[in-house]
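# Structural features, examined
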Amino acid sequence: MRPLYTAGGLAAASSAGLGIAVLMTLTVAGWVAAPHGAFGEDIGEVLRTAVQAWLVGHLVGFGIPGGDVAMLPLGLIVLPGLLLYRAGRRLARTCDLPRLRHVFRAALAIAGPYAAIAGTLALIGQTEAVRPSMLQALIAGFCLAFGAGGAGALMQMLRDKDIAKRRLLDLMPDRPRSLLVGTLTSTGTLLATGALLFLVALTADLGEAVATTRDLGPGLVGGALLLLIQLLYVPNAVVFGLAYAVGPGFSVGAGTIVAPTGVSVGAVPAFPMLAALPDNGPAPVLSLAALGVPFLAGGLGGALTQRSAPAVVSEAAPLWGFVCGVTTGLACAALSASAGGSMGAERLAVVGPSPWQVGLITALEVGLAAAITAWVANWRYYRRSAPEAGAPAETADGAADRAPLGKAPRRERAAGASGAAAPRRGGDEPGSPRRRVRASLARVPRPRLPRRRTSDEDEDFFGITYEAGGAEAAAEQPADAAPDGDGGTEEPPLR
């Protein structure tokens, strides 16, 4: 077994090296397709271009004369993410990680050296015309390595210890887990709508995109690279479609707007994907149907938020639904900030959706629909659960039935002691509204929430040794094993 931090440094270095090697290959292919001088004269420029492309894959912006470039292709982050995920799995196989909580140490072992490598490459990639941000390189490199590398180590540890991935959700409290499910559902619905809008718009103007590609005349190799760059920008276009469906829309330069309220776009760069932009004037009528999607997303998110964790107090149900809308708004704002940004100086200094506008309007639209849906779902849950309780309805003479055996009701005992009938309080007569309300409340059961783990079970879950499952566990189990509540045998505890 290798020392953890030594293996983490080697994993970070190998991931960065493989990423630069892949981008170096693409850079050399582009250099071959373009007019150039001798290879020995341009080798330094080719290396710097590959390093700059590697930094762009980590969403590291860079400055240029007169402005900066912050709108970067989100699809390029897949390459370093996969390499770091693979490095995390290899680290978990070669190092001694006895407990699941040690996955944080594994993630730190990769993230620290990887951030140092990113900062060093930001210094190497600087030229007079291009100046990558060293601070962004450090932060982005650390966050990406911590997330992707830690996920790879966790998946490998779960596989080695034969633990089902779904059991990780048992560690989350009920309410955060329900909010996570509702937020992911709402955000996923909005992203799917954005992707549909982009594909429909590009298909409608596909002829214009083909004509733009012919005018550029990139050739075979250049055409393949141009297609690859457009594919890398597809996630950005999906987020742009999300902003359009929410309402604020997006801009393609200073003083431009593409929104359901109208379209005003000037001259745009000769990029085939931009053929999907609508013409100036009123927005396409069919695209206005997308304005109802945020409310649909809120309805789905609110229903799922209350499905796994019903609120005991009915007034709390719409509150948690609105919280689901707020978290969805924060997620959409983060996506908008990552997908947009400056593309240079002057007119292209403003490109993409406004993060605060998208986040605020998404929170209001999704939150309102989620609050209403959560309240209705919570009300239906209790309405459906009342008949299932099986408690008999209280009759007019049911007060005596609830008295303990051998004892008369308290009011009758008081009457017997005094020799006179005890007066009833107002509204307590049999069949009165107060009595009926009490009877209905008695039949409403408490919500059946999932059983939470105790501290002992959590300690067992993070234990050092794990028993094998499947056929081996069944063979080793004694014949007189106690059955669990569902009629089967209990799963072996995680020690």
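Quantities reported herein were computed from a predicted structural model and do not represent experimental measurements.

## Notes on the overall build of the protein chain
- When you go through the protein chain residue by residue, the secondary structure sums to 17 helices and eight strands.
- Sequence-distant contacts, at least 24 apart, represent 75% of the contacts inside the protein chain between residues at least 6 apart.
- Surface summary for the protein chain: the accessible area is close to 26700 Å², and the carbon and sulfur share equals 65%.

## Concerning a positive patch on the surface
- Together, R86, R93, R159 and K165 make up a region of like positive charge exposed at the surface.
- The class of R86 is partly exposed, set by a relative accessible area of 46%.

## Observations regarding the packing of helix α3 (residues 78-94) against helix α4 (residues 103-124)
- Their axes nearest at 10 Å, the elements α3 and α4 cross at an angle of 135°. Comparing the axis directions of α3 and α4 gives the class oblique. Viewed along their axes, α3 and α4 form a crossing whose handedness is right-handed. Of the residues in α4, those touching α3 at P80, L84, A87, G88 and L91 are A106, I110 and Y114.
- Taken together, the residues that form the contact of α3 with α4 break down as seven nonpolar, one polar and no charged.

## Structural notes on the sheet that holds strand β2 (residues 67-69)
- Pairing is antiparallel in the open sheet, where four strands are placed in the order β3-β1-β2-β7. Each edge of the open sheet carries a strand with a single partner, namely β3 (131-132) and β7 (343-344).
- Examined bridge by bridge, strand β1 (residues 62-64) and β2 share three bridges and lie antiparallel to one another. Bridge pairing in β2 places G63 opposite D68.

## Description of the confidence of the model for the protein chain
- Looking at the protein chain, pLDDT values average 78 and 74% of them are 70 or higher.
- For the protein chain, the element scoring lowest by mean pLDDT is helix α13 (residues 398-401), at 44; helix α9 (residues 234-246) scores highest, at 94.
- In the predicted structure, residues 392-428 sits below a pLDDT of 50 and forms 31 contacts with residues beyond four places in sequence or in another chain.
- This model gives residues 454-477 a pLDDT under 50, and the stretch forms 42 contacts once residues within four places in sequence are excluded.

## Brief notes about the packing of helix α6 (residues 174-204) against helix α11 (residues 316-339)
- Between α6 and α11, the shortest axis-to-axis distance is 9 Å and the interhelical angle comes to 50°. Taken together, the axis directions place α6 and α11 in an arrangement best described as oblique. For α6 against α11, the interelement crossing comes out right-handed. Here R175, L179, G182, T183, S186, T187, L190 and L191 of α6 come into contact with α11, specifically with W320, V323, C324, T327, T328, A331, C332 and L335.

## Side note on a nonpolar patch on the surface
- On the surface, F295, L368, I372, W375, V376 and W379 cluster together into a nonpolar patch covering about 600 Å² of accessible area.
- The leading source of residues in the nonpolar patch is helix α12 (residues 355-388), at five residues.

## Digging into the pattern of salt bridges
- Applying the stated criterion to the full structure yields one salt bridge.
- Note that R177 is salt-bridged to D174, the shortest N-O span being 3.0 Å. Of this pair, R177 and D174 both sit in helix α6, separated by three residues, roughly a single helical turn. Per residue, the accessibility class of R177 equals that of D174, and both read buried.

## Comments concerning the packing of aromatic side chains
- Within the structure shown, the criterion is met by four aromatic pairs.
- For the ring pair W54 and Y114, a centre distance of 5.7 Å and an interplane angle of 50° mean the geometry is tilted. Highlighted residues: W54 in helix α2 (residues 39-56) and Y114 in helix α4, separated in sequence by 60 residues. This pair shows no difference in class: W54 is buried, exactly as Y114 is.
- Taken together, a centroid distance of 6.3 Å and an interplanar angle of 80° make the contact between Y233 and F271 edge-to-face. With Y233 in the loop between α8 (219-232) and α9 and F271 in the loop between β6 (262-264) and α10 (293-307), this residue pair connects regions lying 38 residues apart in the sequence.

## Quick notes on the nonpolar core
- If you look at the biggest cluster of nonpolar residues, it comprises 40 residues, and the most contacted ones within it are L4, W54, L55, L84, L91 and Y114.
- Elements with a minimum of two residues in this core: α1 (4-33), α2, α3, α4 and α5 (134-160).
- Beyond its immediate sequence surroundings of up to four residues, L4 is in contact with L91, C95, L97, R105, A106 and A109.
- Counting 19 residues, the second largest nonpolar core, distinct from the first, contains F250, M273, A339 and V351.

## Some words on the environment of L158
- Within the fold, L158 resides in helix α5.
- Its relative accessible area of 1% is what places L158 among the buried residues.
- The sequence separation of L158 and L100 amounts to 58 residues, and the corresponding C-alpha distance is 8.1 Å.
- In this structure, L158 is in contact with L100, I163, K165 and L168, ignoring residues within four places of it in sequence.

## Some thoughts on the side chain of T189
- Looking at the element boundaries, T189 is found in helix α6.
- A distance of 2.8 Å separates the side chain of T189 from the backbone oxygen of T185, its partner in a polar contact.
- Excluding anything up to four places from it in sequence, T189 contacts V293, A297 and L300.

## Quick notes on α3
- A rise of 1.5 Å per residue sets the reference length of α3, with its 17 residues, at 24 Å; its end C-alpha atoms lie 25 Å apart and thus fit the reference within 8%.
- Those residues of α3 lying buried are P80, G81, L83, L84, A87, G88, L91 and A92.

## Digging into the side chain of S336
- The topology assignment puts S336 in helix α11.
- Ignoring any residue separated from it by four or fewer positions in sequence, one finds S336 in contact with V239, P353, P355 and V358.

## Digging into unusual backbone geometry
- Backbone geometry at L59 places phi at a positive 60°, although glycine is not the residue there.
- Within the fold, L59 resides in the loop between α2 and β1.
- Overall, L59 belongs to the partly exposed group, its relative accessible area being 28%.

What counts, and at which threshold
- Residues numbered from 1 in each chain as written.
- Predicted model: local features only at pLDDT ≥ 70, side-chain atom pairs only at ≥ 80, totals over all residues.
- Heavy atoms only, no water.
- Helix = DSSP H or I, 4+ residues; strand = E, 2+ residues; numbered from the N terminus.
- Contact = heavy atoms within 4.5 Å.
- Areas by Shrake-Rupley, 256 points an atom, 1.4 Å probe, with all protein chains shown as cover.
- Patch = residues over 30% accessible without salt bridge, like charges linked within 9 Å, V, L, I, M, F, W, Y side chains within 5 Å.
- Salt bridge = Lys/Arg side-chain N within 4 Å of Asp/Glu carboxyl O.
- Lys, Arg positive; Asp, Glu negative; His and termini not counted.
- Charge placed at Lys NZ, Arg CZ, Asp CG, Glu CD.
- Buried < 20%, exposed > 50% of the residue type's maximum accessible area, 1.4 Å probe, protein only.
- Axes fitted to C-alpha atoms, helices over the stretch in contact; angles between N-to-C directions.
- Parallel < 35°, antiparallel > 145°, perpendicular 65-115°, else oblique.
- Left-handed = near helix turned anticlockwise from the far one by under 90°.
- Nonpolar A, V, L, I, M, F, W, Y, C, P; charged D, E, K, R; others polar.
- Pairing = 2+ DSSP bridges.
- pLDDT = per-residue confidence, 0-100.
- Phe/Tyr/Trp six-rings, centres within 6.5 Å; stacked < 30°, edge-to-face > 60°.
- Core = buried A, V, L, I, M, F, W, Y, C linked by side-chain atoms within 4.5 Å.
- Polar contact = N/O pair within 3.5 Å; in protein donor to acceptor, adjacent residues only side chain to side chain.
- Expected span 1.5 Å × (residues − 1).

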